[in-house]
Every structure is written in structure tokens, then in C-alpha cells.
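# Structural overview
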Amino acid sequence: MATSKDKIRNYNANITAVGMYLPEKVLDNHYFEKIVDTNDEWIVSRTGIRERRKEENGATSDMAARAADDLIKNHNINPEEIDVIIVATVTPDMFFPATACLVQEKIGAKNAWGFDLSAACSGFLFALKTGAGLIEGGTYKKVLVIGADKMSTIINYKDRNTCLLFGDAASAVLLEPTEDLNIGVKDSILHCDGSGKESLYMKGGGSLNPPTHETVDQGLHTLYQDGKTVFKEAVKGMADISVEIMQKNNLSSDDVAYLVPHQANLRIIDATANRMGIPKEKAMVNIDKYGNTTAATIPLCLTEYYRDGKLKKGDNLVLAAFGAGFTWGSIYLTWGID
Ligand code: COA
């Protein structure tokens, strides 16, 4: 149902195509038993993760381009019609040029401009909202939004607190305008709070701590996370914002077909579903297979559930994420692909 807020728009941004890329190499929990002091039972019970992927054949732009190619092939999209490419990532190929430029060339999107967006695990939501704004404004007809992260390049494989949580993947959605305001992106609530900056970060490599022998020796070029603090904040942040967007749009738990949560920890996903008053089965989950793929988790869920026939046109979805920054947010959309 269109809300009063939607009616002031001529167009909604509708997801019209999806694609994904998963590296072939699988690292199961037994792999980590061999390299750090951990065990399969702890990992499954504390996180819900059984496997994750590791890219051995390219950088983030290669994974992103493969996800985009998958979308282009499956939905018969002409890459020359793509207007804008937004890549959400914290593992760009380089500081510059932007990963979006590298993807633009790799997929032959000759007429596109684009940029990278850095919002860690909330990156896809921030990019989706940005892309939706470009469509709603009426200027652009095809915006490609990609979440892609090669987390294996910033992981300390000696740190049992973090190394087993993350995986590599990329996934993409295409946004196009629709005059049918009953489908597409309908509402969003997004936040950031830099006071969380020291709970989850990579300290080295940027302008604060440029790379030196010392920064390498001190291990500043890999991800650090205070898991307990982030866990507490993530449960509260994701649950509160999911309930808030439901209330704002008068959605009952029956109105929501799926919660599409960032996949950081199965316990955070369950707590969010519980607060929304929806059964666990209505929360999309693939953390068991892929772990936390940062910006890729939410579009990966959408792509898999759509391809498995579990997602139908008209389904109301609440997307929710929490990540480094802190960043967090929720987007309410109605699925619009038949
Ligand atoms: N294997 C075995 N034991 C481990 C372990 C591992 N891989 N990692 C930590 N432990 C131990 C800890 O050392 C601790 O032992 P202690 O009690 O003797 O000190 C115990 O397990 C519990 O540690 P704790 O950190 O409290 O575990 P947890 O239940 O909070 O789970 C995380 C840890 C990282 C899985 C969890 O905190 C988490 O998911 N955090 C948030 C992640 C997130 O949302 N990120 C945001 C987006 S990226």
C-alpha cells in the first residue's frame, strides 16, 4: 500500500534485476580449528556460521563485476543503458580510482558514471537509499547498486575473535523507476554515530596512520572488533530501527513477508525478528553458508530467495543492518519482480 509520503513522488525506485557472485573456495569451521584455538560447536552456537568463501582469483572489482555480469545475463540488461554504478565496499581495490570505475570498464557500462560508498555492514542500505534518490528525482533510469567485499584481505587469520566471522562475496541489484507506487523502495531510516569508531575499525593504511614498517608490525592493517560491545549495540540498533520503520508505516507483523537482515550473527537476526513479532522463518538467513560478507549480505539474501522462488511480487520487506562507524538503518520496500 502506498503511504501518504509516497504520493508526493512520481516514481518509486524498483528493484528490477538481481545478481550475485560467490568465490568457489569454501572455508569450513574445521579449517579454523587447525589455525586458531576454536571449534565447530562454538562457532555454530555463538554465530550460526558453518562455512564462508574466500576469493583466490581477483580483487573486489572482479567480484563486483562478476555479480553485475550475472545480473546482466539473467535479466537481459544492456550494460550501455546503465546510468550510474554505486559500489558499497570497505575493501576497494585501491584508495583510488574508485572500484565503481573499475567495474564500469569491466562490464562495458560505457555510459555510466559512478562512485564508491563506505558504510561497512550498512553499506548496501546506504547505497540503495542513494540510488533510490537518483531514480526518484527522475534524472536516471538504471542505477546499479552493488555490495562487494573481499574481507579475506583485511582479516588477521591469527585472531580467533574475528577471523572466522567474515567471508568474500558480491551481489548487485538494478533500480529502475516505476509509476506504480505500490512497489519499490518506500521508506528508510538511516543513522551513523562516530562515537562507535573504536569498537570496529581498521586503524592503519589511511591518512591517520599511513602505512609504515611499524604499522605493519603492529598489525594495524587488519580488522579489529570489540565483539561484545558491537553485539550489544547491533542487537539494539537493528531491532529498534526495524520496529520503528514498521510503526512509521503502519505495518503489522503479518504485513511483513520477510525481514532481510545483515548477516553478522544468527543471534542478532533472531533477536531482531523476535522484537518485530515475526517468526524466525520470516527472517532471511544464509549466514550459515557465507558468514558476514559485509556490504554483500543483504543483496545476496534477496538474490537467493528470489531465485529459489521464495520472494514474490508484492511481498513487503524490511531490510535492516548495523555496522562499523557505527552505521545502521532500515529500508522498507515492496518487492516488484514477478
Ligand atoms: N572460539 C572459541 N572461543 C572463543 C572464540 C572462538 N573463535 N572467540 C572468542 N571466544 C571466547 C572468548 O575468549 C570468551 O572467553 P572468556 O569468557 O574466557 O573470555 C568467550 O568465548 C565468550 O566471548 P564473547 O566475546 O563474549 O563471545 P560472544 O558470545 O559475544 O561472541 C562474537 C563473539 C564476535 C561472535 C559476537 O560478539 C558478535 O557477533 N559480535 C557482533 C558482530 C557484529 O554484529 N558485527 C557488526 C557488523 S560487522
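To be clear, the structure that these remarks concern was listed above.
So, here is what we can say about the structure in this document. (Residues numbered from 1 in each chain as written. Predicted model: local features only at pLDDT ≥ 70, side-chain atom pairs only at ≥ 80, totals over all residues. Heavy atoms only, no water.)

## So, the pattern of salt bridges
This model, assessed by the stated rule, comprises 13 salt bridges. Aspartate 70 is paired through a salt bridge with arginine 307; the nearest N and O atoms lie 2.8 Å apart. One end of the pair, aspartate 70, is in helix H3 (residues 60–74); the other, arginine 307, is in helix H10 (residues 297–307), with 237 residues separating them in the sequence. Classification of aspartate 70 by relative accessible area gives buried; the value is 15%. With relative accessibility at 35%, the residue arginine 307 sits in the partly exposed group. Its salt-bridge partner being glutamate 176, residue lysine 142 comes within 3.1 Å of it at the nearest N-O pair. With lysine 142 in the loop between helix H5 (123–136) and strand S6 (143–150) and glutamate 176 in strand S7 (residues 168–178), this residue pair connects regions lying 34 residues apart in the sequence. (Salt bridge = Lys/Arg side-chain N within 4 Å of Asp/Glu carboxyl O. Helix = DSSP H or I, 4+ residues; strand = E, 2+ residues; numbered from the N terminus. Buried < 20%, exposed > 50% of the residue type's maximum accessible area, 1.4 Å probe, protein only.)

## Here's the deal with the sheet that holds strand S8 (residues 184–192)
Spatially, the four strands line up as an open sheet ordered S8-S13-S12-S11, and their pairing is mixed. Each edge of the open sheet is held by one strand with a lone partner, namely S8 and strand S11 (258–261). When strand polarity is set aside, the average angle formed by the axes of neighbouring strands in this sheet is 15 degrees. Summarising the sheet, S8 and strand S13 (residues 327–334) pair through eight bridges and their orientation is antiparallel. Among the inter-strand pairings, serine 188 is bridged to a residue of S13, identified as isoleucine 331. Of the strands in this sheet, S11 and strand S12 (316–323) touch helix H8 (residues 266–276), which is tilted by about 145 degrees from S11. Contacts between H10 and the sheet are confined to S11 and S12, with S11 contributing the most and set at about 140 degrees to the helix. (Pairing = 2+ DSSP bridges. Axes fitted to C-alpha atoms, helices over the stretch in contact; angles between N-to-C directions. Contact = heavy atoms within 4.5 Å.)

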